[in-house]
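# Notes for the structure review
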Amino acid sequence: MRLSTDKETTISSLKEAVSAFVQERGWKKFHNPKNLAESICIESSELLELFQWLTDRESETFAKDSAHFDRLSSELADVLIYCLALANATKIDVAGSVLSKLEESAERYPASEYTGRAPRRKDSGRRKA
Ligand SMILES: [Mg+2]
């Protein structure tokens, strides 16, 4: 498989690559929404485990070490692959969903009010999902 970069790869081509991988192995029967959502959580935990017990400062320098960068990249890929598999299984248009969610978040957290500060728990009362 030819490796490419974000700049030259579309989400659609990634979804097709994930679909082809799944098809070639006859794994489509395992790819129901529940299994895929669970797999996203499991892989997210593996990603989070890389940072377990690190301080905030240590986590910021973590990826600067090439061995750590490779592990981080690999775990992030696992999460993204399952996200794309879930999008494939449920016919979710990833670009449309992400852009729509960003638009929703921009309304919920206007830059004029939230620049430089993180939303607090009380702000989440305005949340839909
Ligand atoms: Mg993993």
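Provided above is the structure to which this section pertains.
Now for a look at the structure at hand. (Residues numbered from 1 in each chain as written. Predicted model: local features only at pLDDT ≥ 70, side-chain atom pairs only at ≥ 80, totals over all residues. Heavy atoms only, no water.)

So, about the layout of surface pockets. One number sums up the size of the largest pocket: a volume of about 1,300 Å³. Taken together, 39 residues form the lining of the largest pocket, with Leu14, Val18, Leu80, Ile81 and Leu84 sitting closest to its centre. Where the lining of the largest pocket is concerned, the elements lending two or more residues are α1 (11–24), α4 (66–90) and α5 (94–108). In terms of residues, the lining of the largest pocket owes the most to one element, α4, which gives 14 residues. Of the residues contributing to the lining of the largest pocket, the split by class is 26 nonpolar, 8 polar and 5 charged. The wall of the second largest pocket is formed by Val18, Ser19, Val22, Gln23, Lys28, His31, Ala85, Asn88, Ala89 and Lys91. Of all elements in the fold, only α1 and α4 reach the threshold of two or more residues within the lining of the second largest pocket. Tallying contributions element by element places α1 first for the lining of the second largest pocket, with 4 residues. Of the residues in the lining of the second largest pocket, the class split is 4 nonpolar, 4 polar and 2 charged. (1 Å grid on protein atoms, 1.4 Å probe; cavity = no way out; pocket = protein on both sides within 12 Å on 5 of 7 lines; lining within 4 Å. Points joined across faces, edges and corners; volume = space filled by probe spheres on them. Helix = DSSP H or I, 4+ residues; strand = E, 2+ residues; numbered from the N terminus. Nonpolar A, V, L, I, M, F, W, Y, C, P; charged D, E, K, R; others polar.)

Below, the discussion takes up a nonpolar patch on the surface. A cluster of nonpolar side chains, contributed by Phe21, Trp27 and Phe30, occupies part of the molecular surface with about 310 Å² of accessible area. Structurally, the position occupied by Trp27 is in the loop between α1 and α2 (33–49). Since its relative accessible area comes to 37%, Trp27 is described here as partly exposed. (Patch = residues over 30% accessible without salt bridge, like charges linked within 9 Å, V, L, I, M, F, W, Y side chains within 5 Å. Areas by Shrake-Rupley, 256 points an atom, 1.4 Å probe, with all protein chains shown as cover. Salt bridge = Lys/Arg side-chain N within 4 Å of Asp/Glu carboxyl O. Buried < 20%, exposed > 50% of the residue type's maximum accessible area, 1.4 Å probe, protein only.)

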